[in-house]
Amino acid sequence: MHLAVLASGGGSNLQAILDAIASGDLAATPALVLSDRPEAGALGRARRHGVPTAVVRPADYAGPEAFGETLLSELTRHEVDHVALAGFMRHIPAGVVAAYRHRMLNIHPSLLPAFGGKGLYGRRVHEAVLAYGVRWTGATVHLVDEEYDTGPIVLQEPVPVLPADTPETLASRVLQTEHRLYPAALRLFASGGVRVEGRNVVIAENERGAGS
Ligand code: GRF
């Protein structure tokens, strides 16, 4: 697996993926870390691990199509065969989704389809969870399609909401789960232990475990 990770922020999920690769838990080559923000902490983490980096800023392009073409040329240039979105705050243009259909994953900090969709990202997800009063939230790794947070689900894991939670305490509890779940989901793709049937991601019996 030649993996690209796309991140806009601090990159703690990127770090979890790099750690899983370094420890031998994930058989992948980190081929590229790409960000839409030159100041993203994820880029520093990549450089410290000797992983190639790229910055592609949507504002530098006439529209989503041109932005997508540049994304695609960076992915192709680095011989990327799988893509992990890890806190990437941009909509992926349709051409890129099509080129990496069933080979592009995203992580979302709730149990989809609850608390997902356009505008529900980052802290807003946890605010919405607390405002609604659910007892459980969680993390979801899913395949990327043309919409927001609607692609077939790969793995999910629940996380309790506690009475004293703030968006920050909840986010950090969910992140701990994300850091286990994302490498586990990528492992399924690295080992070829999954196939996609419509909306269903079917996991081979010998690969089934927590979160599936
Ligand atoms: C995570 O909560 C992820 O689920 C969401 O954005 C956050 C990224 O955090 N999509 P980090 O940059 O990986 O620390």
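Each remark here, short or long, concerns the structure printed above.
Keep in mind the model is a prediction, meaning the values are calculated, not measured. (Residues numbered from 1 in each chain as written. Predicted model: local features only at pLDDT ≥ 70, side-chain atom pairs only at ≥ 80, totals over all residues. Heavy atoms only, no water.)

### Focus: the overall build of the protein chain
Okay, so step 1: When its secondary structure is counted, the protein chain shows six helices and nine strands.
Okay, so step 2: Radius of gyration (C-alpha) of the protein chain: 16 Å, near the 17 Å computed for a compact globule of 212 residues.
Okay, so step 3: For the C-alpha atoms alone, the extent of the protein chain along its principal axes is close to 50 × 40 × 35 Å.
Okay, so step 4: Of all 212 residues assigned to the protein chain, the portion counted as buried reaches 48%.
Okay, so step 5: Of the accessible surface of the protein chain, which amounts to about 10,000 Å², a share of 52% is contributed by carbon and sulfur atoms.
Okay, so step 6: Looking at the protein chain, you have 19 positive and 22 negative side-chain charges, and the mean spots of the two groups are 4 Å apart. (Helix = DSSP H or I, 4+ residues; strand = E, 2+ residues; numbered from the N terminus. Rg over C-alpha atoms; globule rule 2.2 N^0.38 Å. Buried < 20%, exposed > 50% of the residue type's maximum accessible area, 1.4 Å probe, protein only. Areas by Shrake-Rupley, 256 points an atom, 1.4 Å probe, with all protein chains shown as cover. Lys, Arg positive; Asp, Glu negative; His and termini not counted. Charge placed at Lys NZ, Arg CZ, Asp CG, Glu CD.)

### Quick word on the environment of His82
Okay, so step 1: Structurally, His82 is set in strand S4 (residues 82-85).
Okay, so step 2: Relative accessible area serves as the criterion here: at 12%, His82 is assigned to the buried category.
Okay, so step 3: Taking the C-alpha atoms as reference points, His82 and Tyr100, separated by 18 residues in sequence, lie 7.1 Å from one another.
Okay, so step 4: If near-sequence neighbours (up to four positions away) are discounted, His82 is found in contact with Met1, His2, Leu3, Ala4, Tyr100, Arg103 and Phe189. (Contact = heavy atoms within 4.5 Å.)

### Structural notes on unusual backbone geometry
Okay, so step 1: Pro113 follows Leu112 through a cis peptide bond whose omega is 10°.
Okay, so step 2: Along the polypeptide, Pro113 turns up in the loop between strand S5 (104-108) and helix H5 (123-132).
Okay, so step 3: Its identity is not glycine, yet His102 carries a phi of approximately 70°, on the positive side.
Okay, so step 4: Note that His102 resides in the loop between helix H4 (94-99) and S5.
Okay, so step 5: Phi is positive for Phe115, which is not a glycine, with a value near 60°.
Okay, so step 6: Considering the arrangement of structural elements, one finds Phe115 in the loop between S5 and H5.

### Section: the layout of surface pockets
Okay, so step 1: When its volume is computed, the largest pocket comes out at roughly 870 Å³.
Okay, so step 2: In this structure, the largest pocket is lined by 38 residues; those nearest its centre are Gly87, Phe88, Met89, Tyr121 and Gly122.
Okay, so step 3: Counting residues per element, the ones that place at least two in the lining of the largest pocket are helix H1 (12-22), S5, H5, strand S6 (136-143) and helix H6 (167-190).
Okay, so step 4: Across the lining of the largest pocket, the residue classes break down as 14 nonpolar, 17 polar and seven charged. (1 Å grid on protein atoms, 1.4 Å probe; cavity = no way out; pocket = protein on both sides within 12 Å on 5 of 7 lines; lining within 4 Å. Points joined across faces, edges and corners; volume = space filled by probe spheres on them. Nonpolar A, V, L, I, M, F, W, Y, C, P; charged D, E, K, R; others polar.)

### Notes on the site of the ligand
Okay, so step 1: Taken together, Gly10, Gly11, Ser12, Asn13, Gly87, Ile107, His108, Pro109, Leu175 and Glu178 make up the full set of residues near the ligand.
Okay, so step 2: Backbone polar atom of Gly11 to an oxygen atom of the ligand: 2.8 Å apart, as the coordinates give it.
Okay, so step 3: Here the ligand, which alone exposes 370 Å², has 83% of that area covered by the protein.
Okay, so step 4: Using a 2 Å cut-off from the grid points, one finds that the ligand occupies the largest pocket.
Okay, so step 5: Sorting the residues of the shell around the ligand by element identifies H1, S5 and H6 as the ones contributing at least two each.
Okay, so step 6: A per-class count over the shell around the ligand returns three nonpolar, six polar and one charged. (Near = heavy atom within 4 Å. Polar contact = N/O pair within 3.5 Å; in protein donor to acceptor, adjacent residues only side chain to side chain. Sits in = over half its atoms within 2 Å of the grid points.)

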